[in-house]
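Letter by letter, the chains look like this.
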Amino acid sequence: MPVGTLASVKGVPQATLEELGAHIILGNTYHLYLRPGVETVRRMGGLHGFMSWRRAILTDSGGFQVFSLNELRKVSEEGVTFRSHLDGSSHFFSPEISMEAQIGLGADIIMAFDECTEFPADRTRARASMEMTARWAARSKKYLEDHKHEVPWNAASSCGYVGTSAPLCAAERSSRAAPASPRSPGLPKAAVPTQAFSRQTVSPPSPPTQSPPTQSLFGIIQGGMDRDLREESAERTIAIGFPGYAIGGLSVGEPRDLTREIVESTLEHLPSDKPRYLMGVGTPEEIVEYACLGVDMMDCVLPTRAARHGLLFTSEGKVSIKQARYAQDPAPLDPNCGCQVCQRYSRAYLRHLYASNEVLAQVLNTIHNLSFYLDTMRRVRHSISLGEESRFLSSVRSRPKP
Ligand SMILES: [Zn+2]
């Protein structure tokens, strides 16, 4: 999932994301809560209407960002008091407030409010944190069940959110189920998917159901770096019951081998017939490795953030486009990449844009990196469907390491 923190995947218009074959993007509740504010987004028909994105959206609970504000937060059983990184103003997040915000933002998949256990944490601390996450998961679920009708989708058709023959997400199905109403004049028309998305591999839309579709709330497994606590967290979260499960609290500074070990052992305790989402990873090699272990969903700022710093992922390894050796290089960035950047521009031009601090450098670099990631995942899915994922994983691991 490309990360669109502030209802924007930095530097990439929504139409381009569609062409790249992105079917779901991620928004950050903490950032959107502070700016532009949940109520603004709700009035615009939720994130779908606000950012004119008709495909699926996932929002995080805000927990990870709030817990990253080490100096600026205070945790209790009830929730977390924190100070805004923007203006220092004081705010309070609880499972209920996180759910209220995520219902207002109206993403298709929303996340239970959890405590992201810091690393390192001793066993007593990791247990207490995991147990609080389990209690917060139950509170998150209860709040959504009591308030799920407040999702702003039904008002979306008056915010330029138009139906087509290709509904792709719960919000889309809901807006189609609502009585048709004409689009308000002066509001932008949402981008309409066309047959141009030849690279997409999506399932056919689900048939209309009797009750309107609602948001899917995923539970999050915590437990620090302790395999037994992770198992217990999985059992307790599954007992509450969610349509999908995430592995949280990783990529928080621990060694990569330990991340892999915890992911592998936690996956054993999660149902394979529900989506399994690994939060906050990773490199192209890691996403292939985790997908082959059974992870279905991942998100990471790496492809977009690295692109803005001139670090590009290719089939031949990493390329730091700022290096002088590319100044006269007429070759495409990645000869094996079919993206619009590699089809059109030379390394010399991309290097020039970066060295000149042109805005276009960030745009083109991000388009290539996202294309490379999404293409990597397409190849993973294809290799899994052929039962050849081990061979694909070996080929990815044998890529040159500059
Ligand atoms: Zn490319």
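Residues numbered from 1 in each chain as written. Predicted model: local features only at pLDDT ≥ 70, side-chain atom pairs only at ≥ 80, totals over all residues. Heavy atoms only, no water.

## Notes on the layout of surface pockets
- Empty space within the second largest pocket amounts to approximately 850 Å³.
- Lining the second largest pocket are 40 residues; nearest its centre among them are Phe-64, Gly-280, Asp-299, Cys-300 and Val-301.
- Sorting the residues of the lining of the second largest pocket by element identifies helix 5 (63-68), helix 10 (256-267), helix 11 (284-293) and helix 12 (302-308) as the ones contributing at least two each.
- At 4 residues, the largest contribution of residues to the lining of the second largest pocket is made by helix 12.
- Class assignment of the residues belonging to the lining of the second largest pocket gives a composition of 14 nonpolar, 17 polar and 9 charged. (1 Å grid on protein atoms, 1.4 Å probe; cavity = no way out; pocket = protein on both sides within 12 Å on 5 of 7 lines; lining within 4 Å. Points joined across faces, edges and corners; volume = space filled by probe spheres on them. Helix = DSSP H or I, 4+ residues; strand = E, 2+ residues; numbered from the N terminus. Nonpolar A, V, L, I, M, F, W, Y, C, P; charged D, E, K, R; others polar.)

## Here's the deal with the side chain of Thr-376
- Examined against the element boundaries, Thr-376 turns out to sit in helix 15 (residues 359-385).
- A residue is classified by how much of its surface remains accessible, and Thr-376, at 4% relative accessible area, is buried.
- Separated by 2.7 Å, the side chain of Thr-376 and the backbone oxygen of Phe-372 make a polar contact.
- Residues within four places of Thr-376 in sequence aside, it is in contact with Pro-284, Ile-287, Val-288 and Phe-392. (Buried < 20%, exposed > 50% of the residue type's maximum accessible area, 1.4 Å probe, protein only. Polar contact = N/O pair within 3.5 Å; in protein donor to acceptor, adjacent residues only side chain to side chain. Contact = heavy atoms within 4.5 Å.)

## Comments concerning the coordination of the zinc ion
- Note on the zinc ion: its protein donors are Cys-337 (SG), Cys-339 (SG), Cys-342 (SG) and His-368 (ND1). The metal-donor distances range over 2.1 to 2.3 Å.
- Because the angles between the 4 donor atoms bound to the zinc ion fall within 99 to 116°, the donor set is best described as tetrahedral.
- Sequence positions of the donors to the zinc ion reduce to the motif C-x1-C-x2-C-x25-H. Comparing Cys-337 with Cys-342, the two get one shared label, buried. (Donors = N, O, S within 2.8 Å, 3.2 Å for Na, K, Ca; no water. Tetrahedral: all angles 85-135°; square planar, octahedral: opposite > 155°, others 65-115°.)

## Comments concerning the confidence of the model for the protein chain
- Chain-level statistics for the protein chain give a pLDDT mean of 89 and a share of 87% at 70 or above.
- Contacts of residues 190-202 to residues separated by more than four positions or lying in other chains number 25 contacts, the stretch itself having pLDDT below 50. (pLDDT = per-residue confidence, 0-100.)

## Some thoughts on the packing of aromatic side chains
- Under the defined criterion, the tally for this structure stands at 8 aromatic pairs.
- Residues Tyr-33 and Phe-93 carry aromatic rings whose centres are separated by 4.8 Å and whose planes lie at 75° to one another, so their mutual orientation is edge-to-face. Pair noted here: Tyr-33 is in helix 2 (residues 29-34) and Phe-93 is in strand 5 (residues 90-93), with a separation of 60 residues, a long-range link.
- Overall, the relative accessible area of 23% leaves Tyr-33 in the partly exposed class.
- Measuring from centroid to centroid gives 5.2 Å for Phe-82 and Phe-93, while their planes differ by 80°, and the two rings are edge-to-face. (Phe/Tyr/Trp six-rings, centres within 6.5 Å; stacked < 30°, edge-to-face > 60°.)

## What about the nonpolar core?
- With 88 residues, the main nonpolar core has Leu-58, Met-111, Tyr-277, Leu-278 and Met-298 as its most contacted residues.
- With 10 residues, helix 15 is the largest single contributor of residues to this core.
- Residues contacting Met-298, with those up to four places away along its chain left out, are Met-1, Tyr-277, Leu-278, Val-281, Ile-287, Tyr-290, Ala-291 and Met-377. (Core = buried A, V, L, I, M, F, W, Y, C linked by side-chain atoms within 4.5 Å.)

## Examining the sheet that holds strand 6 (residues 109-111)
- The parallel open sheet is built from 7 strands, whose spatial order is 1-2-6-7-8-9-10. Of all the strands in the sheet, just strand 1 (24-27) and strand 10 (297-298) have a single pairing partner and so form its edges.
- Taken together, the 2 bridges between strand 2 (residues 56-59) and strand 6 define a ladder with parallel strand orientation. From the neighbouring strand, Thr-59 faces strand 6, where its bridge partner is Ile-110.
- Set on the sheet, helix 9 (residues 227-240) makes contact with strand 7 (216-221) and strand 8 (245-247); between it and strand 7 the angle comes to about 155°. (Pairing = 2+ DSSP bridges. Axes fitted to C-alpha atoms, helices over the stretch in contact; angles between N-to-C directions.)

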